[in-house]
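Structural features, examined
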Amino acid sequence: MDAALGAPEKMRERREELTPMMRQYCELCERYDDALVLFQVGDFYETFCEAAEASARLLEITLTKREDSTGTYPMAGIPIDSAESYIETLLDAGYRVAVADQVQDPEEASGVVDRAVTRIVTPGTLTEDELLAGDDNNYVAALAVGSERESRPEGGGRDGGSIPGAGEYGLALLDVSTGDFVATGSDSAETIRDEISRFAPAEAIVGPDVPEDFEGFDPDCMVTPYDPSTFDLEVARERLDAYFGVPEKRLASDAEIRACGALLAYAEYTRGGTDADGDEAGRLDYLNHLTRYEPREYMLLDRVALRSLELFERRAVHGDAEHTLLGVLDETACALGRRQLTDWLRRPLLDPDRIDTRLDAVEELTTLVGAREEIHDLLTRVYDIERLIARISRGRANARDLRALKDTLDVVPEIREAMDGVESGSLSDLRAGLDDLEEVRGLIERAIQESPPIEITEGDVIAPGYSERLDELRETERDGKQWIDSLEKRERERTGIDSLKVGFNQVHGYYIEVTNPNLDGVPDDYNRRQTLKNAERFYTPELKRREDEILTAEGRADDLEYELFAEVRAEVADEGERVQALAETLATLDALVSLAEVAAKYGYRRPEIDSPGSGIEIEGGRHPVVERTQASFVPNGVRLDREERVAVITGPNMSGKSTYMRQIALIAILAQLGSFVPASAARIGVVDRVFTRVGASDDIAGGQSTFMVEMRELATILRGATESSLVLLDEVGRGTSTADGLAIARAITEHVHDELGAMTLFATHHHELTELAERLDCAFNLHFSATRTDDGVTFRHDVSRGAATASYGIEVARAAGVPDSVVSRSHALVEDRQEALGDGGRSVDTDADSRSRPDSGADSELEEELRGIDVANLTPIEALTTLDRLKRELDSN
Ligand code: ADP
Ligand code: MG
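The structure reproduced in this document is the subject of the present report. (Residues numbered from 1 in each chain as written. Chains lettered and ligands numbered in written order. Predicted model: local features only at pLDDT ≥ 70, side-chain atom pairs only at ≥ 80, totals over all residues. Heavy atoms only, no water.)

1. A short note on the pattern of salt bridges
Side chains that differ in charge, positive against negative, can pair when their charged atoms come close. Our working definition: Salt bridge, as used here, is a side-chain nitrogen of Lys or Arg placed within 4 Å of a carboxyl oxygen of Asp or Glu. Helix and strand definitions here come from DSSP, where helices need a minimum of 4 consecutive H or I residues and strands a minimum of 2 consecutive E residues; each element is numbered from the N-terminal end. Here the term buried applies to any residue with accessible area under 20% of the maximum for its type, exposed to any over 50%, and partly exposed to those in between, with areas from a 1.4 Å probe on protein chains only.
Across all of its chains, the model carries 67 salt bridges by this definition. The residue R292 makes a salt bridge to E256 at a minimum N-O spacing of 2.6 Å. Here R292 is found in strand β12 (residues 291-292), whereas its partner E256 is found in helix α7 (residues 254-270), with 36 residues between them in sequence. Assessed through its relative accessible area of 22%, R292 is described here as partly exposed. For E256, a relative accessible area of 1% corresponds to the buried category.

What follows is the structure, given as structure tokens:
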């Protein structure tokens, strides 16, 4: 364990000798031994010993010492006022932070001040706006495997083999800041990995049965095993029951119950937690919904696809949000809508009816131009009420938060009015769901000042007229202050001392100040309060009486205000579920308006949604992101169906192959999330998965050889694709030598064609594959061409049927000034090669070692063998060794 965690060794050894305060520190460190403890001492959070050394280094703060009768301890502290930015640095460095606050007024403490951990800050459970990056969801995940001890067969144990069957893996995801809580499960580790990628959790806890080599989490996700007892089936079941009722009704497997239960336990723990005596300090009352989904309810987008299609680059270092699909789609007006849209994009639908319901709403909104703009403007006044209500329920909201909720509720009737004309079922339903929570709105309006301060303990929070008692106290305070305000004038007149002043200070209260030369004129009823260098300060019995009255009234009023505020806050929290339902309605509306806005702005059309496996037909399709950055974008169509499902796409570099393939996938994704699409017409037979593989993208950072990565991803594709999947293979096989690459590309094309029946787009610079497309029944060639001009080559970016013929690379070379002799020799070589192709109809590779191979008409042994390989059932290692063997056979021939 990190030396900065747990109790410092120096303290642990001599616990009995420590001062009470240091013993307290030591105990808190032991209890929260997976976190760095920030220990409040006055206005600072202090750390000691190893933790002090680590934080001094990390936070660049001064390392000092604390000395007491028992010894000297290294110490480093941060000011409480600016703690959040330091905590952020600690989180980035991979620490959890346990914040131990003084929970007792130091003046009331008889010995050492009581301290308690009030929150544990972790990357996945953030709730502080300062720490959360923008509006995006921030998830913590829990993963459990299997149904655990009790249902394992006797003596089966962990190494007795896993229990196969549905629900082997249970995954739970929670956004503590919004209360969004979802669960899913699968018996396939692959599927669970993909589901994890969809949500990109910032942190994950794993159960005792999760294999140590489980690779499903991103490198920047903080993964830790968590208290196995919370993963215990019975414990988890009880905890879930307390929140949502019988878990079996919502969840599909024991693993899911265990993951959800443990995640709740962890979330509670980070809130200061349930302590040993079962105190429910950590309960998250605003968690009202647990949504369970089946991975196959949504289009499967594996993590490679998410990245290579640039849907959203979350947490990317150099992520340019504009140049992602989300960037183009996001015309939302509020945080609620933005999160909703992100979620739709993360989980495109498969059910044609559900898709059409969204499309109906979008279509209607595209026609209601005026209403749409009005709704959009109104939605910009909507606050993030999902996070607000979560804060309100946690008792962490201030008066401004309540006002923000009220301001949002003010807008609701206006939105309803703007939606008066809607007809479609989905928009009418949304309109009906616009609950303005009149009682809550009224309560906040009556109770809370219009622009309250952030502090809730210092008054000025409760509006006048809300509480008679409070108004009386404030009246007394005001009267007293008025009396004092006029006191100076009165006393100057009475005493004839023109420089006499009335003032106030925290320690001595109100006073009358008279400078030394005037002390003779001081009346008898003045009592001395304080002596300064040049003046004396006095009070009179009446001033003292008034002062007491004011201070008492003020103190009582402040206390009363806080009490009233807490009451109002609790009353609002009681309506938490209704606020959440409203948040969801507003979120959906905002996301739909955004889709309609984008459709109108960029000329998108409504796609026709067809049954799975019925193919894809697009006319005049465009790439939604590239067309935004391109002065003129050339539209292209496609038609994929049962008969023609494998397209081999050739064409020179930069001609538009990659863009074309991606735009087809993006159009399918857009259609299935309920958006109009950048095409003049589109019919999309629902796509169950989009797979992508882009060759030659070195994954050096991941520490794996390119080829290994390529094979691994191919294995996934070849195992998972179905007839309604869309597979994009972009320059597969480029990561290795040409001969290998070609062999792989061929084998894959054949396999995809013969075995999978998936719709496949295969862009390749291996010209030889065009011949393959002609040979396979359901494959066909597409190509991108270019126009020769005097300056060389211009790419037209339009796709046509058939194979590309000319080699424009040579033209580019000529344009670049390569000597004529070289250019004509190149042309001659190309002609040789085309003749060779024409003769045997077989491929000839320019690679040296394949050139030396005799070209025979029949399949060589090697080819036979290659055909015999069942790629779908090869592990990556097997693929490598097979390839190695084949190569050696080749060399020995
Ligand atoms: P390839 O994969 O064939 O090398 P790309 O798809 O990467 O080519 O396209 C290269 C560049 O050409 C893109 O970055 C884009 O700027 C432009 N481009 C691609 N397709 C089109 C198109 N249909 N209309 C206009 N420009 C395009
Ligand atoms: Mg390309």
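2. Some words on the pairing of strand β9 (residues 180-186)
Keep this limit in mind: Only when DSSP finds a minimum of two bridges between them are two strands counted as paired.
Taking burial as the measure, the seven residues of β9 include six buried ones, the bulk of the element. By the bridge criterion, seven bridges tie strand β8 (residues 169-175) to β9 in an arrangement that is antiparallel. Counterpart to A172 in the pairing with β9 is A183. Between β8 and the antiparallel strand that follows it, β9, lie four residues; G179 among them carries a positive phi value of about 85°. Relative to β12, β9 runs parallel, the two being bridged by two bridges. Of the residues in β12, the one forming a bridge with A183 is R292.

3. Focus: the packing of aromatic side chains
We apply this condition: Geometry of aromatic contacts follows a simple scheme: Phe, Tyr and Trp rings, the Trp one being its six-membered ring, pair when their centres are within 6.5 Å, and the pair is stacked under 30 degrees between planes, edge-to-face over 60, tilted otherwise. Charge-over-ring contacts are defined here by two conditions on Lys NZ or Arg CZ: a distance within 6 Å of the ring centre and an angle within 35 degrees of the ring normal.
All chains considered together, the criterion is met by 18 aromatic pairs. Considering the side-chain rings of Y25 and F39, the 5.3 Å spacing of their centres and the 80° angle between planes classify their relative orientation as edge-to-face. In this pair, Y25 sits in helix α2 (residues 20-31) while F39 sits in strand β1 (residues 36-41), placing the two residues 14 residues apart along the sequence. This pair shows no difference in class: Y25 is buried, exactly as F39 is. On the basis of an interplanar angle of 75° and a centroid distance of 4.8 Å, the ring pair of Y25 and F48 is categorised as edge-to-face. Taken as a pair, Y25 in helix α2 and F48 in strand β2 (residues 44-48) lie far apart in primary sequence, 23 residues in all. Note on accessibility: Y25 and F48 belong to one class, buried. Residue placement shows R537 over the ring face of Y511; its charged tip is 3.9 Å from the ring centre.

4. Observations regarding the layout of surface pockets
Put simply, the test is: With a 1 Å grid spanning the protein atoms alone, the term cavity applies to any set of points in which a 1.4 Å probe fits but cannot get out, the term pocket to an open set with protein on both sides within 12 Å along at least five of seven lines, and the term lining residue to any residue with an atom within 4 Å of a point. Grid points are joined across faces, edges and corners, and a volume is the space filled by probe spheres set on the points.
Roughly 1700 Å³ of volume is contained in the second largest pocket. Considering the residues around the second largest pocket, the lining is formed by 39 residues, among which E84, D101, R119, R396 and E455 are closest to the centre. Counting residues per element, the ones that place at least two in the lining of the second largest pocket are α4 (83-92), β5 (97-102), β6 (115-121) and α18 (541-574). Here the lining of the second largest pocket gets four residues from one element, more than from any other, and that element is β6.

5. Comments concerning unusual backbone geometry
Here E60, not a glycine, exhibits a phi torsion of approximately 55°, which is positive. Relative to the helices and strands, E60 is located in the loop between α3 (49-59) and β3 (64-68). If you check the backbone angles, E310 has positive phi at about 50° while not being a glycine. Within the secondary structure, E310 is located in the loop between α8 (303-308) and α9 (325-329).

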